[in-house]
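Take a look at the letters that make up each chain.
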Amino acid sequence: MKLNGILSKGYTDTWNVAPRVIGLRTMFVNVALIGQPSSDWVLVDTGLSSYTGNIIDFATEHYDKPPVAIILTHGHFDHIGGVKRLVEEWNVPVYAHPLELPFLTGKEDYPPADQAVGGGLMSMISPLFSHHGIDLGSAVHPLPEDGTVPGAKGWEWIHTPGHSPGHISLFRPEDRVLIAGDTFLTVKQESVFAVATQHQVVHGPPSYFTTDWEDAEKSVRTLALLNPHLVLSGHGVPMEGEELSTQLAHLCKNFKEMALPGQGKFV
């Protein structure tokens, strides 16, 4: 699934995820570009701030014009890095769920990361990760109530709370392609080894930032009921077909054993 021949400097991997969908991995978090290179397209999430220049360079090289919108699955630091710079560079609107807007307009901060959950070095160092909101001012807007995705015809957004109050996922029914954000992952994000090797396994959301585990479980079940054929999650490599279906069903059946921490502030 690697997108051969157009790897840009600074990117670990790029993927032809599906028709009109490109995935980019910025260190340990993915962004998605939806649309044709010669027509309107949108950017989903903006990755880590240190990769903002690479995203601009990649988009300039492979698309005829800037995106018509930036869609945020949620506002955690690794999904909104550089969004202010991208708004300035491209002069485009940003869209997010209404419940996520307080964290994107400077009104609220997320709770600090909980290093007591999940195990692994990523969890241990998670208190170093920023939990502060940002202020996008008039650039950020609520997503349409009818479930459509601005600038991405044929896609719908789905409220998948748990990891954050206004977390969303994106789904294209025609070929059952899913952009899951951090609702569920295809890597155990708490483990530095798993992140470094990108060992592929369907896993729950990053536990150190997840604040509502009951909603998190419901959201995984919501996405499983869509019977996705292919998924690009916020972390990990794309997964498809029978392997995805089998592992996602296993996570649904065993969510409490596989994903729910045994201790922590929000358990």
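The sections below set out a description of the structure shown in this document.

Reading the values: rules and limits
- Residues numbered from 1 in each chain as written.
- Predicted model: local features only at pLDDT ≥ 70, side-chain atom pairs only at ≥ 80, totals over all residues.
- Heavy atoms only, no water.
- Pairing = 2+ DSSP bridges.
- Helix = DSSP H or I, 4+ residues; strand = E, 2+ residues; numbered from the N terminus.
- Axes fitted to C-alpha atoms, helices over the stretch in contact; angles between N-to-C directions.
- Buried < 20%, exposed > 50% of the residue type's maximum accessible area, 1.4 Å probe, protein only.
- Arc of directions from axis to C-beta.
- Phe/Tyr/Trp six-rings, centres within 6.5 Å; stacked < 30°, edge-to-face > 60°.
- Salt bridge = Lys/Arg side-chain N within 4 Å of Asp/Glu carboxyl O.

With respect to the sheet that holds strand E6 (residues 94-96)
Part 1 of the reasoning: If you walk across this open sheet you meet the seven strands as E1-E2-E3-E4-E5-E6-E7, and the pairing is mixed. Because the sheet does not close on itself, it has two edges, and the strands there are strand E1 (13-18) and strand E7 (140-142). Across the sheet, the mean angle separating the axes of adjacent strands is 25° when strand polarity is ignored.

With respect to helix H3 (residues 83-90)
Part 1 of the reasoning: Among the residues of H3, those classed as buried are Val 83, Leu 86, Val 87 and Trp 90. Down the axis of H3, the buried set is contained in an arc of 100°. They therefore lie on one face.
Part 2 of the reasoning: Once H3 ends, the next one or two residues include Asn 91, with phi positive near 55°.

Description of the packing of aromatic side chains
Part 1 of the reasoning: The full count for this structure, using the stated rule, is eight aromatic pairs.
Part 2 of the reasoning: Pairing Trp 41 with Trp 90 gives two aromatic rings, centres 6.0 Å apart and planes at 75°, and the pair type is edge-to-face. Separated by 49 residues along the polypeptide, Trp 41 in strand E4 (residues 41-44) and Trp 90 in helix H3 bring together distant segments of the chain. The same class applies to Trp 41 and to Trp 90, which are both buried.
Part 3 of the reasoning: Measuring from centroid to centroid gives 4.0 Å for Phe 103 and Tyr 110, while their planes differ by 15°, and the two rings are stacked. An identical accessibility class is assigned to Phe 103 and Tyr 110; each is buried.
Part 4 of the reasoning: Each member of the aromatic cluster is reached from another via a ring pair, and the members are Phe 77, Phe 129, Tyr 208 and Phe 209.

Section: the pattern of salt bridges
Part 1 of the reasoning: The full count for this structure, using the stated rule, is six salt bridges.
Part 2 of the reasoning: Between Asp 40 and Lys 65 there is a salt bridge, with its nearest N and O atoms 2.7 Å apart. With Asp 40 in the loop between strand E3 (29-35) and E4 and Lys 65 in the loop between helix H1 (52-62) and strand E5 (69-71), this pair connects stretches of sequence that are 25 residues apart.
Part 3 of the reasoning: Within the structure, one salt-bridge network assembled from shared partners comprises Glu 217, Arg 221 and Lys 256.

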